[in-house]
Amino acid sequence: MGQSRSPGNIEEQLSCRKERNSVQNGLPWSLFVNFSRGEYTALRNHPTTSQVILLPSTVQFASKEKYCNDGLTNTQPFNDSDVTHGQEGRFIITMTVQRNIDTATSAAVSYGDDKTSNSTANNNYSIHGATGVSHGSVLGVDASQVWKRLICNPGFELAERELLHMKPSERTVVYSDLGGAQHMDPEWPEGRARALAELEAKVRAMDENQTKAFRLAQAMAPEYTDSTAFRLKFLRADVFDTEKAARRLVKHFEEKLVLFGREALGRDITLRDFSEDDLDSLACGGLQILPRPDQFGRLILFSRQVQWKYKRHENILRVLWYLCQAMMETQDAQIRGIVAIGFDIGTSQQLERGWSCDYELLRRMIRVFEASTCRLLASYSCIDSSYFESVVDVASHLMNKFLRARYRCIRGTRQECNYQLMVMGIRHVEDFPISEDGHLMVDRFHGWLRERWANQTQNNGSQ
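Given the structure is predicted, the values throughout are model-derived calculations rather than measurements. Once a new chain begins, its residue numbering starts again from 1 and follows that chain's sequence as written. Totals for whole chains, interfaces and linings use every residue, but because this is a predicted model, local features are given only for residues with pLDDT of at least 70 and side-chain atom pairs only at 80 or more, for both listing and counting. Computation of side-chain values covers all heavy atoms of the structure but excludes hydrogens and water.

**Let's talk about the nonpolar core**
Line of reasoning, step 1. Put simply, buried Ala, Val, Leu, Ile, Met, Phe, Trp, Tyr and Cys residues joined by side-chain atoms within 4.5 Å make one nonpolar core. The buried label applies to any residue whose accessible area, calculated with a 1.4 Å probe on protein chains only, is under 20% of its type's maximum; exposed applies above 50%, and partly exposed to all values in between. Ranked by internal contacts, the top residues of the largest apolar core, which has 49 residues, are Phe-274, Leu-282, Leu-287, Leu-320, Leu-323 and Met-365.
Line of reasoning, step 2. For this core, the element with the highest residue contribution is helix 14 (residues 313-327), accounting for 10 residues.
Line of reasoning, step 3. If sequence neighbours within four positions are ignored, Leu-282 has contacts with Leu-271, Phe-274, Val-319, Leu-323, Phe-445 and Leu-449.
Line of reasoning, step 4. Of all hydrophobic cores here, the second largest spans 33 residues; its members include Val-174, Phe-302, Cys-382 and Leu-440. A helix here means a DSSP run of H or I that spans at least four residues, while a strand means a run of E at least two residues long, and both kinds are numbered starting from the N terminus. In what follows, a contact means two residues having at least one pair of non-hydrogen atoms within 4.5 Å.

Structural data, given as structure tokens:
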């Protein structure tokens, strides 16, 4: 493996494999390439090398800063001096490309697990390398084209304009988040301690009027607000950008004070903090956590807007807060992030009865997301009516730039939307709590709630 080899046949030179459900997978259309100096020579002569973006954390060669630290598209061949002699490693050819995506996808087909499918004419290949999506064509549409459209085209003019004006490195991160790539650096103890110290310094430097709610919580329960585990949630939510994490931390307590009052500031929210109206909003099932994550291990928040039930905005806002908190209870979930799916397919009856979107509630729900510890890396609105076209357009304008860049609208029938979500890694569409006749199913969700209620009751009894 370490000895030099002539370029020869690229298929013989590249040792590629698809790995399933790995934090280090990268995007679903990624080739993991083991290389020596000789294999690298072969690779740089491959026609797709000038059409891919290299993710900085996955490239291992001497001059990676020259080409990859900014996530730039590699538009020039590598020199022999760029590769350490005899060094072995791996890097990812990602399909996050801005041109000629079909050529790169063809390479993935040719050098994937199935050695019998060496032609793009044979579309019987697994897009994800996992069960659930097994064809390169969905409802007569090439899956690579579906993926390309959803990744690269937000469908909203403002988001498209913002993406266009992003730095290539920023745009690469957006595409990676949507595609399921894991790009958070390892949390070395030294780096983690440094980030925690910077976070504390930035919060201290903020104006007192901004930090009133946080200072109140800190005075009440410093063991909660100052704990390493708690603060790491904010750092992970913003990929250790301490400036953003500080703003999120302060906003978190501002929103928590508004929704739950002083008494709950210094602890996590439990179901016992809910009023009867809050519990009714929760039990309606308009917001649920799906039982299984997506292909990349990210938990999924499922929403059906036409079936949100509430007497006051605070009822559904508290539900959202609680579910966001519940999804971030493990370190793995904090690192992987979450996906949100708005599934408003088959809503004609509700619209005929006069249902209309509450845009003020929508604005406040987005604010809760921004104040939570969730890393919302992809959100999809699935719609089949012209009314919801305006809803998703307004929603995109209410979001901040980070969320808007990762927001996509999927239009079509239920089957068409399911297939497009499967292409994006949401492979367990059978988990969606919607019956064939369009009714919302809540039995499984209620079982989850009963289990959490029992656990919280037991924990309170043991204290």
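**Describing the pairing of strand 9 (residues 376-383)**
Line of reasoning, step 1. Counting buried positions over the eight residues of strand 9 gives eight, a clear majority of the element.
Line of reasoning, step 2. A strand pair is defined by DSSP finding two or more bridges across the two strands. Where strand 8 (residues 338-344) and strand 9 come together, seven bridges link them in parallel fashion. Of the residues in strand 9, the one forming a bridge with Val-339 is Ala-378.

**Observations regarding the packing of helix 14 against helix 17 (residues 359-371)**
Line of reasoning, step 1. Contact pair helix 14 / helix 17: the axes reach a minimum separation of 10 Å and the direction vectors enclose 25°. On the basis of the axis angle, helix 14 is roughly parallel to helix 17. Between helix 14 and helix 17 lies a crossing of right-handed hand. Facing helix 14, whose interface residues are His-313, Glu-314, Ile-316, Leu-317, Leu-320, Trp-321 and Cys-324, helix 17 presents Glu-360, Leu-361, Arg-364, Met-365, Val-368, Phe-369 and Ala-371.
Line of reasoning, step 2. By the convention adopted, Pro, Cys, Tyr, Trp, Phe, Met, Ile, Leu, Val and Ala count as nonpolar, Lys, Arg, Asp and Glu as charged, and the other residues, Gly among them, as polar. Across the contact of helix 14 with helix 17, the residue classes break down as 10 nonpolar, one polar and three charged. To get an axis, fit a line to the C-alpha atoms, keeping to the stretch in contact for a helix; angles then go from 0 to 180 degrees between the N-to-C directions. Any angle that is under 35 degrees is reported as roughly parallel, and any over 145 degrees as roughly antiparallel; angles of 65 to 115 degrees are reported as roughly perpendicular and all others as oblique. Should the near helix be turned anticlockwise from the far one by less than a right angle, the crossing is left-handed, and should it be turned clockwise, the crossing is right-handed.

**Comments concerning helix 17**
Line of reasoning, step 1. The end-to-end C-alpha distance of helix 17 is 19 Å, a good match for the 18 Å that 13 residues give at a rise of 1.5 Å each.
Line of reasoning, step 2. For this analysis, a polar contact is any N or O atom pair within 3.5 Å, provided that within protein one partner can donate a hydrogen and the other can accept it, and provided that sequence-adjacent residues contribute only side-chain to side-chain pairs. If you check the start of helix 17, you find a side-chain oxygen 3.3 Å away from the backbone N of Glu-360, and it comes from Asp-358. To estimate how far a helix should extend, the number of its residues minus one is multiplied by 1.5 Å.

**Regarding the pairing of strand 10 (residues 407-411)**
Line of reasoning, step 1. Burial analysis of strand 10 places four of its five residues in the buried class, the great majority of the element.
Line of reasoning, step 2. Both strand 9 and strand 10 contribute to a ladder of five bridges, which runs parallel. Bridging from a neighbouring strand, Tyr-380 pairs with Arg-408 of strand 10.

**Describing empty space enclosed by the protein**
Line of reasoning, step 1. Both cavities and pockets are sets of points on a 1 Å grid over the protein atoms alone; in a cavity a 1.4 Å probe fits but cannot get out, in a pocket the set is open with protein on both sides within 12 Å along at least five of seven lines, and lining residues sit with an atom within 4 Å of a point. Grid points are joined across faces, edges and corners, and a volume is the space filled by probe spheres set on the points. Here the structure, examined in full by the defined rule, presents eight cavities of 30 Å³ or more.
Line of reasoning, step 2. Its boundaries defined by the atoms lining it, the largest cavity holds a volume of some 440 Å³.
Line of reasoning, step 3. If you trace the largest cavity, you find 26 residues lining it, with Ser-303, Leu-362, Phe-369, Ser-381 and Met-399 closest to the centre.
Line of reasoning, step 4. Put simply, the parts of the chain that give the lining of the largest cavity at least two residues each are strand 7 (299-303), strand 8, helix 17, strand 9 and helix 18 (386-398).

**Considerations on the environment of Pro-293**
Line of reasoning, step 1. If you trace the backbone, Pro-293 turns up in the loop between strand 6 (287-289) and strand 7.
Line of reasoning, step 2. With 138 residues separating them in the primary sequence, Pro-293 and Asp-431 have C-alpha atoms 10.0 Å apart.

**Concerning the side chain of Asp-294**
Line of reasoning, step 1. Note that Asp-294 resides in the loop between strand 6 and strand 7.
Line of reasoning, step 2. Polar contacts involving the side chain of Asp-294 include one to the main-chain amide nitrogen of Arg-298, which spans 2.8 Å.
Line of reasoning, step 3. In this structure Asp-294 touches Ile-300, Val-339, Gly-425 and Ile-426, once residues within four positions along its chain are discounted.

**Observations regarding the pattern of salt bridges**
Line of reasoning, step 1. Salt bridges are defined as contacts in which a side-chain nitrogen from Lys or Arg sits within 4 Å of a carboxyl oxygen from Asp or Glu. Counted under the stated rule, the structure contains 24 salt bridges.
Line of reasoning, step 2. Among the salt bridges present, the one from Arg-406 reaches Asp-177, with a minimum N-O distance of 2.8 Å. Linking Arg-406 in the loop between helix 19 (401-405) and strand 10 with Asp-177 in helix 7 (residues 168-179), this pair joins segments that are 229 residues apart in sequence.
Line of reasoning, step 3. Take Arg-406: its relative accessible area is 5%, and that puts it in the buried class.
Line of reasoning, step 4. Linking Glu-389 and Arg-411 is a salt bridge whose minimum nitrogen-to-oxygen distance equals 2.8 Å. Of this pair, Glu-389 sits in helix 18 while Arg-411 sits in strand 10, placing them 22 residues apart in sequence.
Line of reasoning, step 5. With relative accessibility at 31%, the residue Glu-389 sits in the partly exposed group.
Line of reasoning, step 6. On the basis of relative accessibility, which here comes to 37%, the residue Arg-411 falls in the partly exposed class.

**A word on the confidence of the model for the protein**
Interpretation of the predicted coordinates at a detailed level should be avoided for regions scoring low in pLDDT.
Line of reasoning, step 1. In this model, the protein carries a mean pLDDT of 74, and residues with pLDDT of at least 70 account for 68%.
Line of reasoning, step 2. Long-range and interchain partners of residues 1-140, a stretch whose pLDDT sits below 50, account for 275 contacts in this model, where long-range means more than four residues apart. Residue-level confidence of the predictor is summarised by pLDDT, bounded by 0 at the bottom and 100 at the top.

**Regarding the packing of aromatic side chains**
Line of reasoning, step 1. Here the aromatic set is Phe, Tyr and Trp, taking the six-membered ring for Trp, and pairing holds for ring centres within 6.5 Å; pairs whose planes are under 30 degrees apart are stacked, those over 60 apart are edge-to-face, and all others are tilted. In this structure the tally under the stated criterion is 14 aromatic pairs.
Line of reasoning, step 2. The interplanar angle of 20° and the centroid separation of 5.5 Å between the aromatic rings of Trp-355 and Phe-388 together place this pair among those described as stacked. With Trp-355 in the loop between helix 16 (348-352) and helix 17 and Phe-388 in helix 18, this residue pair connects regions lying 33 residues apart in the sequence.
Line of reasoning, step 3. Residues Tyr-387 and Phe-388 carry aromatic rings whose centres are separated by 5.8 Å and whose planes lie at 85° to one another, so their mutual orientation is edge-to-face.
Line of reasoning, step 4. Under the relative-accessibility criterion, Tyr-387 is labelled partly exposed at 27%.
Line of reasoning, step 5. Of the aromatic side chains, those joined through ring pairs into one cluster are Phe-214, Tyr-224, Phe-230, Phe-234 and Phe-253.
Line of reasoning, step 6. Criterion for a charge above a ring: Arg CZ or Lys NZ at most 6 Å from the ring centre, at most 35 degrees from the ring normal. One cation-aromatic arrangement involves Arg-272 over Trp-453; the distance from NZ or CZ to the ring centre is 5.2 Å.

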